[in-house]
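An overview of the molecular structure
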Amino acid sequence: MGAFTRTLSTGSLWIAGFGLVAMTVIVAYQIYMRFIVNSSPPWTEAASIMIMSWFIFLGAAVGVRENFHMGFDVLLYFLPPSAKPWLRAISDLSIFAFAAGMVFYGGELAMRGWGVRIPVVGLPQTFTYLPIVISGVLMCLFSLERILLRLAGENVDDVETDAAMTAD
């Protein structure tokens, strides 16, 4: 499962990076057309916002896999070492529950938006909400991986941070 999720995470990161570059190019094109040519294309703003939602949500999912998400780190400094895995497991379960909500409610939004077209882009409004669903699925998968690895006795936590906390 580790190789699959690593590949999925790396692919998501590459897609997010490509989206960031694409959005930057589109915004630069829009600025050029607006201020130099004095004729801004109508599709650039909607397209750049849609691309931005894709790379933000994909990046957030990668953050869950790489353990860059928010957690209970402040409490970890004050708790005994035996409590740290429990608190981190609660964090992973909370992320899983939140991501499941993203899948469910984002899926409802995506289904409702299928019949509505984004006027300047011509795509169904579903494409605006689809990153929520895909990111939620990835977050569920990545947090489930962390939970299962922790149950199997693997160290999935930040070893350097743990060493710094116990050294004090």
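All of the points below concern the structure found in this document. Treat the numbers as computed from the prediction; the structure is a model and nothing was measured. (Residues numbered from 1 in each chain as written. Predicted model: local features only at pLDDT ≥ 70, side-chain atom pairs only at ≥ 80, totals over all residues. Heavy atoms only, no water.)

1. Concerning the overall build of the protein chain
When helices and strands are tallied, the protein chain shows six helices and zero strands. Each helix (α) and strand (β) of the protein chain, taken in turn from the N terminus, gives the series α-α-α-α-α-α. For 168 residues, the compact-globule estimate of 2.2 N^0.38 gives 15 Å, and the protein chain exceeds it by more than 25% at 20 Å. If you line up the protein chain on its principal axes, its C-alpha atoms span 65 × 35 × 30 Å. The 168 residues of the protein chain split such that 35% are buried. Within the structure as shown, the protein chain displays about 10,400 Å² of accessible surface, and the carbon and sulfur contribution to it stands at 72%. (Helix = DSSP H or I, 4+ residues; strand = E, 2+ residues; numbered from the N terminus. Rg over C-alpha atoms; globule rule 2.2 N^0.38 Å. Buried < 20%, exposed > 50% of the residue type's maximum accessible area, 1.4 Å probe, protein only. Areas by Shrake-Rupley, 256 points an atom, 1.4 Å probe, with all protein chains shown as cover.)

2. Details of the nonpolar core
Residues A61, V64, L138, M139 and F142 are the most contacted members of the largest nonpolar core, which totals 14 residues. Elements supplying a minimum of two residues to this core: helix 1 (2-37), helix 2 (43-65), helix 4 (84-112) and helix 5 (126-151). In terms of residue count, helix 5 provides more of this core than any other element does, five residues in total. If near-sequence neighbours (up to four positions away) are discounted, M139 is found in contact with A60, A61, V64, A99 and M102. (Core = buried A, V, L, I, M, F, W, Y, C linked by side-chain atoms within 4.5 Å. Contact = heavy atoms within 4.5 Å.)

3. Focus: the packing of helix 2 against helix 5
Axis angle and axis distance: for two packed helices, these are the angle between their axes and the distance between the axes, and together they describe the pair. Helix 5 packs onto helix 2 with a crossing angle of 5° between their chain directions and a minimal axis gap of 8 Å. Considering the angle they form, helix 2 stands roughly parallel to helix 5. Tallied by class, the residues present in the contact of helix 2 with helix 5 amount to 16 nonpolar, four polar and three charged. (Axes fitted to C-alpha atoms, helices over the stretch in contact; angles between N-to-C directions. Parallel < 35°, antiparallel > 145°, perpendicular 65-115°, else oblique. Nonpolar A, V, L, I, M, F, W, Y, C, P; charged D, E, K, R; others polar.)

4. Notes on unusual backbone geometry
What you tend to see is this: most non-glycine residues have negative phi, and most peptide bonds are trans. Although it is not a glycine, N38 sits at a positive phi angle of roughly 65°. Following the sequence through the fold, N38 ends up in the loop between helix 1 and helix 2. Despite not being glycine, N67 has its phi angle at roughly 65°, a positive value. Along the chain, N67 falls in the loop between helix 2 and helix 3 (73-76).

5. Describing the packing of aromatic side chains
Under the criterion given, the structure shown has two aromatic pairs. Aromatic pair F104 and Y105: ring centres 4.9 Å apart, planes at 85°, arrangement edge-to-face. Take F104: its relative accessible area is 49%, and that puts it in the partly exposed class. (Phe/Tyr/Trp six-rings, centres within 6.5 Å; stacked < 30°, edge-to-face > 60°.)

6. Notes on the pattern of salt bridges
Tallied over the full model, the rule gives four salt bridges. Between R65 and E145 there is a salt bridge, with the nearest N and O atoms lying 3.0 Å from each other. Placement of the pair is R65 in helix 2 and E145 in helix 5, with a sequence separation of 80 residues. You can call R65 buried: its relative accessible area is 16%. (Salt bridge = Lys/Arg side-chain N within 4 Å of Asp/Glu carboxyl O.)

7. Details of helix 2
Spanning 23 residues, helix 2 covers 34 Å between terminal C-alpha atoms, matching the ideal 33 Å at 1.5 Å per step. Inspection of helix 2 places T44, A47, S48, M50, S53, F55, L58, A61, V62, G63, V64 and R65 among the buried residues, and these make up the whole buried set. As for helix 2, its buried residues are in contact with helix 1, helix 4 and helix 5. At the C-terminal side of helix 2, N67 shows a positive phi close to 65°. (Expected span 1.5 Å × (residues − 1).)

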